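Here is what each chain is made of, one letter per residue.
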Amino acid sequence: MGQIEQGLERALRTRPVPSSTETRLRFLLAAHRGSTRKVAAVLGVSQRTVQRWVTKKPGARRPPGPTQVRAIEEAVLARWQPRVRARRRAQAEAEGFVFHTRARFGFAAAAGSSDDPRVRWITQDLPGEVARELFAARDAGAGEQQQTVILARALGHAYFREWGHRAHGLHIAFSDIEFADFSIG
């Protein structure tokens, strides 16, 4: 998962995802009304295996292996705050968002130009159309590179071209993203 994808995921959550495997298992059990059989079906293991992971008996508890830990994490992330995520996504698509990043950004200009690509801290309001395009690309399985192109176009228009008032026709360079955060609402 790239920086843009991680930033979008953080923006759609209002509470942190459970961090330990034990709390993640408790969340999955609560989501499935305590049914170890349903949790086992979701994770692709036997019901008895889930029972061993969550038992309180001393000596009977067995921790899940690395493959199962990843499966538990993915199952929790898929089920964490679905209504909140939908509401925040709709809000971003309607009102836009603020994009915070540190990345190499500029015009593909002559060396030494003030617009030459260099590492910059950028905080920029972007409209809902960009959010819609970004979420649609993410839903279609777009990779980090395609999402970077969408953000580069939007940042170039808002940051350098000042919403179409200057610097027409220049090519935007946006790469080496160190972090990407989105503020919604």
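The model shown is predicted, which means the values in this text are computed figures rather than measured ones.

S.K.: What is the right way to look at the overall build of the chain in this model?
M.R.: Within the chain, the regular secondary structure consists of eight helices and three strands. Mapped from its N terminus to its C terminus, the chain presents α and β elements in the order α-α-α-α-α-α-β-β-α-α-β. Looking at the chain as a whole, 39% of its 185 residues qualify as buried. Across the chain, contacts joining residues at least 24 apart in sequence account for 67% of those joining residues at least 6 apart. Of the roughly 10,500 Å² that the chain leaves accessible, carbon and sulfur atoms contribute 51%.

S.K.: Whenever I open this one, the packing of aromatic side chains confuses me. Can you help?
M.R.: Two aromatic rings, taken as a pair, are described by how far apart their centres are and by the angle between their planes. Under the counting rule described, the total for this entry stands at four aromatic pairs. Judged by centre distance (5.4 Å) and plane angle (50°), the ring pair of W121 and F179 falls under tilted. Remark: F179 occurs in strand β3 (residues 172-183) and W121 occurs in strand β2 (residues 118-126); sequence separation between them is 58 residues. Here the aromatic cluster, defined as three or more aromatic residues joined through ring pairs, consists of F97, F99 and F182.

S.K.: Quick question: what am I supposed to make of a positive patch on the surface here?
M.R.: Side chains of R48, R52, K57 and R62 sit close together on the surface and give a patch of like positive charge. Positionally, R48 belongs in helix α4 (residues 47-54). Looking at R48, the relative accessible area reads 45%, which means it is partly exposed.

S.K.: How do you make sense of unusual backbone geometry when you look at a structure like this?
M.R.: Here R33, not a glycine, exhibits a phi torsion of approximately 55°, which is positive. Of note, R33 is situated in the loop between α2 (21-31) and α3 (36-43). The class for R33 is exposed, based on a relative accessible area of 79%. Positive phi, close to 50°, is recorded for Q81, a residue that is not glycine. Within the element layout of this structure, Q81 appears in the loop between α5 (66-79) and α6 (82-95).

S.K.: Looking at this structure, I do not really get the nonpolar core. What am I missing?
M.R.: Across soluble globular proteins, you tend to see nonpolar side chains buried next to one another. Grouped together as the largest cluster of nonpolar side chains are 31 residues, with contacts concentrated most on F97, F99, L126, L151, F174 and F182. Breaking this core down by element, the ones donating at least two residues are α1 (3-12), β1 (97-107), β2, α7 (128-139), α8 (144-160) and β3. Here this core takes seven residues from α8, the largest share from any one element. Not counting the four nearest positions on each side in its chain, L151 is found in contact with I4, F99, L126, V130, L134, F174 and F182.

S.K.: Would you take a moment to explain the side chain of T55 for this structure?
M.R.: With respect to the helices, strands and loops of the structure, T55 is situated in the loop between α4 and α5. Judged by its relative accessible area of 17%, T55 falls in the buried class. Discounting residues that sit within four places of it in the chain, T55 has contacts with A60 and R61.

About the thresholds
- Residues numbered from 1 in each chain as written.
- Predicted model: local features only at pLDDT ≥ 70, side-chain atom pairs only at ≥ 80, totals over all residues.
- Heavy atoms only, no water.
- Helix = DSSP H or I, 4+ residues; strand = E, 2+ residues; numbered from the N terminus.
- Buried < 20%, exposed > 50% of the residue type's maximum accessible area, 1.4 Å probe, protein only.
- Contact = heavy atoms within 4.5 Å.
- Areas by Shrake-Rupley, 256 points an atom, 1.4 Å probe, with all protein chains shown as cover.
- Phe/Tyr/Trp six-rings, centres within 6.5 Å; stacked < 30°, edge-to-face > 60°.
- Patch = residues over 30% accessible without salt bridge, like charges linked within 9 Å, V, L, I, M, F, W, Y side chains within 5 Å.
- Salt bridge = Lys/Arg side-chain N within 4 Å of Asp/Glu carboxyl O.
- Lys, Arg positive; Asp, Glu negative; His and termini not counted.
- Charge placed at Lys NZ, Arg CZ, Asp CG, Glu CD.
- Core = buried A, V, L, I, M, F, W, Y, C linked by side-chain atoms within 4.5 Å.

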